[in-house]
Every structure is written in structure tokens, then in C-alpha cells.
Amino acid sequence: MGAQRHVRARAGDLWAEDRSWLLCTDYDLWGTKVAGPPALVEALLNDPDTEAVRLPWAH
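Residues numbered from 1 in each chain as written. Predicted model: local features only at pLDDT ≥ 70, side-chain atom pairs only at ≥ 80, totals over all residues. Heavy atoms only, no water.

## Observations regarding the overall build of the protein
Here is step 1 of the chain: Check the secondary structure of the protein and you find one helix and four strands.
Here is step 2 of the chain: Secondary structure elements of the protein, listed N to C terminal, follow the sequence β-β-β-α-β.
Here is step 3 of the chain: Residues counted as buried form 25% of the 59 residues belonging to the protein.
Here is step 4 of the chain: By sequence separation, contacts in the protein at least 24 residues apart represent 5% of the contacts at least 6 residues apart. (Helix = DSSP H or I, 4+ residues; strand = E, 2+ residues; numbered from the N terminus. Buried < 20%, exposed > 50% of the residue type's maximum accessible area, 1.4 Å probe, protein only. Contact = heavy atoms within 4.5 Å.)

In C-alpha cells, the structure reads:
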């Protein structure tokens, strides 16, 4: 087994093992924050059942 990195994360922080995308949500946020490949981000932004916002540093 490889070395493990210790990362502080909340239950609402999700990301791919390769760190290619990130999703952050919390009960007091007005939207789920997303970053990642354009197709994934656009799909989440355009989903009528998901309140999502693109992270400003994610193009």
C-alpha cells in the first residue's frame, strides 16, 4: 500500500482520486461549488435539480 496523505476535509467535500474534479457542499451554502472538466461542470450547472456554482478559479 502506498503512502497516505492526510487531508482535512468535511463530509461535503468530494473529489476524484486523481484530483481532476471537486465538489463542495454544505447545509448553509446556497449552492454546490464545482470544479473540473468543462463537460462535468456544465452538466451540473444545467441540471434543474442541482443548485451549483462554478468555482471562480475553475475554467
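Right, picking up where we left off after that structure.
## Side note on the sheet that holds strand E2 (residues 22-24)
Here is step 1 of the chain: Spatial ordering of the open sheet is given by E1-E2-E3-E4, a layout of four strands whose pairing is mixed. Across the chains shown, the open sheet's two edge strands, defined by having one partner strand only, are strand E1 (13-15) and strand E4 (52-54). Within this sheet the neighbouring strands show an average axis-to-axis angle of 20°, counted without direction.
Here is step 2 of the chain: Direction of pairing for E2 relative to strand E3 (residues 32-35): antiparallel, over a ladder of three bridges. Opposite Cys 24, over in E3, you have Lys 33 as the bridge partner. (Pairing = 2+ DSSP bridges. Axes fitted to C-alpha atoms, helices over the stretch in contact; angles between N-to-C directions.)

Any functional reading would require information that these geometric values do not contain.
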